[in-house]
Amino acid sequence: MAAVNLRLGDLVWGKLGRYPPWPGKIVNPPKDLKKPRGKKCFFVKFFGTEDHAWIKVEQLKPYHAHKEEMIKINKGKRFQQAVDAVEEFLKKGKVKDQASSHNSTEEKNRRNSSEERGKQSAEEKRKAGLSEGKVKKIAGEGKKRVSSVSSERGSKSPLKRAQEQSPRKRGRPPKDEKDLTIPESSTAKRVMTGTVAGFKWPPTVNEPAVCYQAITKKLKVCEEETGSTSIQAADSTAINGSITPTDKKIGFLGLGLMGSGIVSNLLKMGHTVTVWNRTAEKCDLFIQEGARLGRTPAEVVSTCDITFACVSDPKAAKDLVLGPSGVLQGIRPGKFYVDMSTVDADTVTELAQVIVSRGGRFLEAPVSGNQQLSNDGMLVILAAGDRGLYEDCSSCFQAMGKTSFFLGEVGNAAKMMLIVNMVQGSFMATIAEGLTLAQVTGQSQQTLLDILNQGQLASIFLDQKCQNILQGNFKPDFYLKYIQKDLRLAIALGDSVNHPTPMAAAANEVYKREKALDQSDNDMSAVYRAYIH
């Protein structure tokens, strides 16, 4: 996009990284939000999404001049909703201008009418034969009143006078007098409570049993009776434009389905990030967005303060740290390593020991979510290990997730993550089983989904996975091979403490069958096919 002359309050089309141009408005950033170094940029609030971000001026275009062009090249429900929000905003602005003009006209007419009545009254009194002294007295009082009224009018704006003279004196103001603001996301309002970095949200009515607190400028942590802690970060699709990025240099290893979205959000929120991936070409997109390239894991760790890693399984996690040019070779005192991979407790404990033995600090922080939640910055982060490092990662966790839990010593996060994914994987298998049973008994699968969506099981996960199955679309959002891996590790965790996991074991067998049908690289919802073959 070509550079243009823009100013505060302008409506624009903003281009952010790999995302399509989106309508927004140039607004003032929160006071504590640092402006990125380098090229000139504006702080933009996007319509229909609640995203806020610094956008380089060359990535901005005036809204009206390019509206038709953007509508032609961009499609989709969310995009149309954003455009509709802009038009509604403009419509309300026009109504307010008309109301202001109408009030001014009414005030002028009112003044003229008052003056005319005054003239008529004076003429009538003169004809009634009032004495000269009485006439002078009345004239003097009239001048006094006029002077008082003139003084009062001079001290108040036309809008203020119009409001005072209006018959509407109590209750809510009319719609056209309300402040014009960009429509807010209901999701954001549900997630956030209180004030976050200058943005105010109405508090939720029902408080959760677990104690959450919004992260503002300084990380706040709330203790539970169990000893675990939790923090709630800004909703990435709502407030994370107000995140103040850490001044520490961030490294990131692994740009898969989850890692790609995480890095994109770290960059979007102003973090300095160096990336590495086993398949180097995956780094190209992020280099274009402002990331730096590391040639090896060891190089990334040695040049960065905090290095995150997100890889597929225990073997990959160990190879990344212990292999040639691995993480361990770059670890020294003052270096921090955060492993976000979903692995077993034994693996993460081993990695923690070798990192700490070299003087480094270690935190495990596996994430619950999928590719879409990663892209949206709405992951749930489960952390354990070095508490100080957990707090140092505050701005990073805010950028990539909506909620973060600190669970104590190393290994606890791995165990909790496996339990969460065990429940999720077993539920997915049950959904697939129910849909196939409906089909073979002559029941409508769509009707089954509609019924489930109206009941206690209703959830985004249920709806999305059922839609995948009904549409035959198994593009990976969470790889089937990885949910099977997590089920296997969860069953092993149960075995280690002699705890039965028969449901997970049954679900694991269904996923294993699906892997044998060459469905490993499809979405976990492809487990449906195991029931129809």
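Residues numbered from 1 in each chain as written. Predicted model: local features only at pLDDT ≥ 70, side-chain atom pairs only at ≥ 80, totals over all residues. Heavy atoms only, no water.

If you check an unreviewed UniProt entry, the chain appears there as Cytokine-like nuclear factor N-PAC from Sphenodon punctatus. Turning to the chain, the UniProt annotation filed under Sequence similarities (unreviewed entry) states: "Belongs to the HIBADH-related family. NP60 subfamily." (UniProt positions renumbered as here; feature names shortened; annotations may be inferred.)

A.B. asks: I'd like a description of the overall build of the chain, backed by residues and values.
C.D. replies: A tally of regular secondary structure across the chain gives 18 helices and 18 strands. Counting every position in the chain, which comprises 533 residues, the buried fraction comes to 44%. Restricting to contacts in the chain with at least 6 residues of sequence separation, those with at least 24 account for 64%. By element, 51% of the accessible surface of the chain is carried by carbon and sulfur atoms, the whole surface being about 28,200 Å². (Helix = DSSP H or I, 4+ residues; strand = E, 2+ residues; numbered from the N terminus. Buried < 20%, exposed > 50% of the residue type's maximum accessible area, 1.4 Å probe, protein only. Contact = heavy atoms within 4.5 Å. Areas by Shrake-Rupley, 256 points an atom, 1.4 Å probe, with all protein chains shown as cover.)

A.B. asks: Let's hear about the sheet that holds strand β2 (residues 22-26): which residues, and what values?
C.D. replies: If you trace the 5 strands from one edge of the open sheet to the other, you get β4-β3-β2-β1-β5, paired in antiparallel fashion. Each end of this open sheet is capped by a strand with a single partner; those strands are β4 (52-56) and β5 (60-62). On average, each strand axis in the sheet is tilted by 45° relative to the strand beside it, whichever way the strands run. In terms of strand pairing, β2 meets strand β3 (residues 41-46) through 3 bridges, oriented antiparallel. Bridging from a neighbouring strand, Gly24 pairs with Phe46 of β3. The strands touched by helix α1 (residues 63-73) are β1 (11-14), β2 and β5; relative to β5, the strand with the most contacts, the crossing angle is about 100°. (Pairing = 2+ DSSP bridges. Axes fitted to C-alpha atoms, helices over the stretch in contact; angles between N-to-C directions.)

A.B. asks: Could you give me a rundown of the packing of helix α15 (residues 445-453) against helix α16 (residues 460-471), with the residues and numbers involved?
C.D. replies: Two elements in contact, α15 and α16, have axes separated by 11 Å at closest approach and are oriented at 175°. Between α15 and α16, the interaxial angle falls into the category roughly antiparallel. Contacts between α15 and α16 involve Gln445, Gln446, Leu449, Leu452 and Asn453 on the former and, on the latter, Leu462, Asp463, Cys466, Gln467 and Leu470. (Parallel < 35°, antiparallel > 145°, perpendicular 65-115°, else oblique.)

A.B. asks: So what's going on with the environment of Leu253? Which residues, and what values?
C.D. replies: Locating Leu253 in the fold gives a position in strand β10 (residues 250-253). With 47 residues separating them in the primary sequence, Leu253 and Val300 have C-alpha atoms 8.2 Å apart. Among residues more than four places away in sequence, those in contact with Leu253 are Trp276, Pro297, Val300, Thr307, Phe308, Ala309, Cys310, Leu320, Val327 and Tyr337.

A.B. asks: Tell me what's going on with the nonpolar core, and back it up with residues and numbers.
C.D. replies: In terms of nonpolar packing, the biggest core is built from 35 residues, with Phe252, Phe308 and Met340 touching the most fellow members. Sorting the residues of this core by element identifies β10, α6 (257-268), β11 (273-276), β13 (306-309), β14 (336-339), β17 (379-385), α12 (387-392) and α13 (394-400) as the ones contributing at least two each. Excluding anything up to four places from it in sequence, Phe308 contacts Ile250, Gly251, Phe252, Leu253, Val338, Met340, Cys393, Cys396, Phe397 and Met400. Met422, Leu487, Val527 and Ala530 belong to the second largest nonpolar core, which has 29 residues in total. (Core = buried A, V, L, I, M, F, W, Y, C linked by side-chain atoms within 4.5 Å.)

A.B. asks: Break down helix α17 (residues 480-496) for me, citing the residues and quoting the values.
C.D. replies: Counted at 1.5 Å a residue, the expected span for α17 with its 17 residues is 24 Å, and the 25 Å between its end C-alpha atoms agrees. Listing the buried residues of α17 in full gives Leu480, Ile483, Gln484, Lys485, Asp486, Leu487, Leu489, Ala490, Ile491 and Gly494. Where the residues of α17 are buried, they touch α9 (314-322), α14 (412-440) and α18 (502-516). Looking at the residues trailing α17, positive phi occurs at Asn498, about 55°. (Expected span 1.5 Å × (residues − 1).)

A.B. asks: Account for the side chain of His271, naming residues and giving values.
C.D. replies: Mapping His271 onto the fold places it in the loop between α6 and β11. Using a relative accessible area of 5% as the deciding quantity, one classes His271 as buried. A polar contact is formed between the side chain of His271 and the side chain of Ser395, at a distance of 2.8 Å. (Polar contact = N/O pair within 3.5 Å; in protein donor to acceptor, adjacent residues only side chain to side chain.)

A.B. asks: With reference to specific residues and values, describe the packing of α17 against α18.
C.D. replies: Contact pair α17 / α18: the axes reach a minimum separation of 9 Å and the direction vectors enclose 145°. Crossing angle aside, the handedness with which α17 passes α18 is left-handed. Of the residues in α18, those touching α17 at Leu480, Ile483, Gln484, Leu487, Arg488 and Ile491 are Ala504, Ala505, Ala507, Asn508, Tyr511, Lys512, Glu514 and Lys515. Looking at side-chain class alone, the contact of α17 with α18 contains 8 nonpolar, 2 polar and 4 charged residues. (Left-handed = near helix turned anticlockwise from the far one by under 90°. Nonpolar A, V, L, I, M, F, W, Y, C, P; charged D, E, K, R; others polar.)

A.B. asks: Break down unusual backbone geometry for me, citing the residues and quoting the values.
C.D. replies: At Asn498, a residue that is not glycine, the phi angle is positive and equals roughly 55°. By the element assignment, Asn498 lies in the loop between α17 and α18. Backbone geometry places Asp518, a non-glycine residue, at a positive phi of 65°. Its location among the elements puts Asp518 in the segment after α18. Classification of Asp518 as exposed rests on a relative accessible area of 68%.

A.B. asks: A description of the packing of aromatic side chains should follow, citing residues and the corresponding values.
C.D. replies: In total, this model carries 10 aromatic pairs according to the counting rule given. Ring centres of Phe252 and Phe308 lie 6.3 Å apart, and the angle between their planes is 20°; this geometry places the pair in the stacked category. Here Phe252 is found in strand β10, whereas its partner Phe308 is found in strand β13, with 56 residues between them in sequence. When sorted by exposure, Phe252 lands in the same class as Phe308, which is buried. Centroid distance Tyr390 to Phe397: 6.0 Å. Interplanar angle 45°. Geometry classified as tilted. (Phe/Tyr/Trp six-rings, centres within 6.5 Å; stacked < 30°, edge-to-face > 60°.)

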